[in-house]
Amino acid sequence: MLLFLDMTVDWKRFMLILAAGASWGFAWNALSSRGIVLGQSVLVQAGDELVAAPECKRLLDRGALFLDARPRDFWRMSRIPGALPLPEEDFDRAFREAEPRLRRANAIVVYCGGYGCEASHLVARKLRAKGFAAAILDEGMPAWQDAALPLDTEPRP
Amino acid sequence: MKALVSHPRVHLVLRLLLGAFFVYASLDKIANPAAFAKVVYQWQVVGPVPSNVVAVTLPWIELLAGGLLIAGAWRREAALVVTVLLVVFVVAAGSVMARGIDVLNCGCVSLAKDAVPSAWPPAWMKGVGWFLVTRNLLMLAAAATLVTAGRAGQGAGAIEHRQPSGALPEATGSGGAGGLP
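Values in this document were obtained by computation on a predicted structure and should not be read as measured data. Here the residue numbers are simple positions, counted from 1 along each chain's written sequence. Whichever chain is written first becomes A and whichever ligand is written first becomes 1, with later ones labelled in order. In keeping with the model being predicted, local features are shown solely for residues with a pLDDT of at least 70 and side-chain atom pairs are shown and tallied solely at 80 or more, while totals for entire chains, interfaces and linings include all residues. As a convention, hydrogens and water are excluded, and side-chain values are obtained from all of the structure's heavy atoms.

Turning to the state of the cysteines, a few remarks are in order. Note on terminology: disulfide denotes any pair of cysteine sulfur atoms within 2.5 Å. What the rule picks out here adds up to 2 disulfides over all chains. Across a sulfur-sulfur distance of 2.1 Å, Cys112(A) and Cys117(A) are joined as a disulfide pair. Negative torsions about the S-S bond denote left-handed disulfides, and the value of about -140 degrees found for Cys112(A) with Cys117(A) makes this one left-handed. Residue classification places Cys112(A) among the buried positions, given a relative accessible area of 2%. Each sulfur of the disulfide joining Cys106(B) and Cys108(B) lies 2.1 Å from the other. Three exposure classes are used, based on accessible area relative to the maximum for each residue type with a 1.4 Å probe and protein chains only: buried under 20%, partly exposed in between, and exposed over 50%.

Put into structure tokens, the structure is as follows:
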């Protein structure tokens, strides 16, 4: 690294490249129709209701229905207790299977693999389009596990 | 090997290849900042809001640095920017791998999601894994070569800027990198 401290590198130019690139990026984002809102997650859209893991646990204790939006193999390995599989990539078929339970549910919470996972958002929006209000477990399974909340790890067929 | 690494024609080839890669890699990200922000967030190195800032600024820095490398202006500084970026990418990829996070598309070049999984490129080339780390380390070696080029008088663009006397314009100046034409 000392090699790079050699005076043959003009550090003002180095900083200028970084500053100019960043400035163009912010300017493009402000002017472009494809720009994003910097202050909130790009996964969140109007109507999405994010709920933190501890509050989701309270909903679970009050009988809320949890839906696992991850691919079905992940649900087979482990899941939030009582959760039904509703994988985003197989939504239509899984929805038909889960619909009777959905109609009886007093509250619905969707979760997926967390952080950059978009499946829970997509499933919640699809449910909303079908008339079901569904909250989203903020940061998904990792947040649930980080909070040391219970998991059902019994393998399912 | 040392003679090869310090040869001006090798520097020219490295500069053009590295510059072209970074310019190409920036285009899809600039066109799709939301998709790139999701990919950055999937790396789980920074939170959602910093991911947005990275997604908005990083591609333009890549474009500018790559363009300068191709143009042959501010060569050493542009190569240093690329070097720093590659060090960050390698460290972040190592962090992702160490934590066992499955990032299917690293977002390095293309952000396209395959509706149907395609045979090419294979998943191990698109995701965060050893292929990505190796590729970045090779590019890092190339970028570091360009940064240090000219320290002993063998400027990265010497072949293009050789003066009639044979003296290299960059060899003595503290600003060093050749400057804008």
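The subject of this paragraph is the environment of Ala107(A). Residue and element names in this part refer to chain A. Here a helix means four or more residues in a row that DSSP labels H or I, a strand means two or more in a row labelled E, and each is numbered from the N terminus. Structurally, Ala 107 can be placed in the loop between helix H4 (91-104) and strand E4 (108-111). What makes Ala 107 partly exposed here is its relative accessible area of 22%. When the C-alpha positions of Ala 107 and Leu 65 are compared, they lie 6.1 Å apart, and in sequence the two are 42 residues distant. Contact criterion: two residues are considered in contact whenever any of their non-hydrogen atoms come within 4.5 Å of each other. Contact partners of Ala 107, with chain neighbours within four places excluded, come to Ala 64 and Leu 65.

A word on the side chain of Ser120(A). Residue and element names in this part refer to chain A. Considering the arrangement of structural elements, one finds Ser 120 in helix H5 (residues 119-129). Its relative accessible area of 2% is what places Ser 120 among the buried residues. Every residue in contact with Ser 120, bar those within four places of it in the chain, is listed here: Ala 69, Val 110, Tyr 111, Cys 112 and Ile 136.

Quick look at the packing of helix H4 (residues 48-71) of chain B against helix H5 (residues 75-98) of chain B now. Residue and element names in this part refer to chain B. To get an axis, a line is fitted to the C-alpha atoms, and for a helix only the part in contact is used. The angle between two axes follows their N-to-C directions and goes from 0 to 180 degrees. With their axes 8 Å apart at the nearest point, H4 and H5 run at an angle of 140 degrees to one another. On the basis of the axis angle, H4 is oblique to H5. Every pair of crossing elements has a handedness; the one defined by H4 and H5 is left-handed. Every residue of H5 that contacts H4 at Leu 58, Ile 61, Glu 62, Ala 65, Leu 68 and Leu 69 is listed here: Arg 75, Ala 78, Ala 79, Val 81, Val 82, Leu 85 and Phe 89. Any angle from 65 to 115 degrees is called roughly perpendicular, while one under 35 is roughly parallel, one over 145 is roughly antiparallel, and all others are oblique. Note on convention: the crossing is left-handed when the near helix lies turned anticlockwise from the far helix by less than a right angle, right-handed when the turn is clockwise.

Looking now at the interface of chain B and chain A. In this complex, chain B contributes 40 residues to the contact, which on the side of chain A involves 34 residues. When chain B packs against chain A, the two sides together hide about 3400 Å² of surface, and 72% of this comes from carbon and sulfur. What counts as a salt bridge is simple: a side-chain nitrogen of Lys or Arg found within 4 Å of a carboxyl oxygen of Asp or Glu. At the junction of chain B and chain A, the tally comes to 1 salt bridge. Lys38(B) serves as the salt-bridge partner of Glu118(A), at 2.8 Å between the closest nitrogen and oxygen. Under this definition, polar contacts are N or O atom pairs within 3.5 Å; protein pairs additionally need one hydrogen-donor-capable and one acceptor-capable atom, and for neighbouring residues in sequence, both atoms have to be side-chain atoms. Between the two partners, chain B and chain A, sit 8 residue pairs in polar contact (both at pLDDT 80 or more). Only helix H2 (8-31), helix H3 (33-42), H4, H5 and helix H7 (130-148) of chain B provide two or more residues apiece to the side of chain B that touches chain A. Broken down by element, the side of chain B that touches chain A gets its largest block of residues, 11 residues, from H4(B). Of the residues assigned to the side of chain B that touches chain A, the class counts are 23 nonpolar, 12 polar and 5 charged. Put simply, buried area is how much 1.4 Å-probe accessible surface two parts lose in total, over both of them, once they are put together. Throughout this entry, Asp, Glu, Lys and Arg are counted as charged residues, while Ala, Val, Leu, Ile, Met, Phe, Trp, Tyr, Cys and Pro are counted as nonpolar. The remaining residues, Gly among them, count as polar.

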